[in-house]
Amino acid sequence: QVQLVESGGGLVQAGDSLSVSCKASGRSVYAMGWFRQAPGKDRQFVAAIRWNDGWTDYEESVKGRFKISRDESENTMSLQMNTLKPEDTAVYYCAAHQGSALAMRSGAAQYWGKGTLVTVSS
């Protein structure tokens, strides 16, 4: 089993930056990532990172604005979000996958955090 606990999130204004983090405990995983779900919408892939070499993958709308990273010594993954837009408002979920990091963009993940709310005001 893998336990995931998110931290960070909050209320910011458009154009601001914010970081969310996820602490993992339990068994090791092959990939971790972030998803988000806006009110009334389906959960959407945001970014993923392959744990052993740091390879990353991003959803098109966040490329160049968001950066996913991991701290292997702390078993922590972070998402630095810059130039935030109101449409980035969502609950952000941390996820972990025992398979391919690339597969996470299709929603593949065995473990999920409870989510942290990010609100971007215009």
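Everything numeric here is computed off the predicted structure, so don't read it as measured data. (Residues numbered from 1 in each chain as written. Predicted model: local features only at pLDDT ≥ 70, side-chain atom pairs only at ≥ 80, totals over all residues. Heavy atoms only, no water.)

The backbone of asparagine 75 shows a phi angle near 55 degrees, a positive value even though the residue is not glycine. Counting through the fold element by element, asparagine 75 comes out in the loop between β7 (66–71) and β8 (76–81). Positive phi values are uncommon outside glycine, yet threonine 83 reaches one of about 45 degrees. Here threonine 83 lies in the loop between β8 and β9 (90–97). (Helix = DSSP H or I, 4+ residues; strand = E, 2+ residues; numbered from the N terminus.)

Okay, the sheet that holds β7 next. The 4 strands are arranged β1-β3-β8-β7 in an open sheet whose pairing can be described as antiparallel. At either end of the open sheet lies a strand with only one pairing partner, and these are β1 (2–8) and β7. Sheet twist, expressed as the mean angle between neighbouring strand axes with direction ignored, is 20 degrees. One ladder, built from 6 bridges, connects strand β3 (residues 18–26) with β8; its direction is antiparallel. Bridge assignment links valine 20 to a residue of β8, and that residue is leucine 79. (Pairing = 2+ DSSP bridges. Axes fitted to C-alpha atoms, helices over the stretch in contact; angles between N-to-C directions.)

Turning to the pattern of salt bridges, a few remarks are in order. By the definition in use, this model includes 7 salt bridges. Between aspartate 53 and arginine 50 there is a salt bridge, with its nearest N and O atoms 2.8 Å apart. A single salt-bridge network, built from bridges that share partners, covers Arg36, Arg65 and Asp88. (Salt bridge = Lys/Arg side-chain N within 4 Å of Asp/Glu carboxyl O.)

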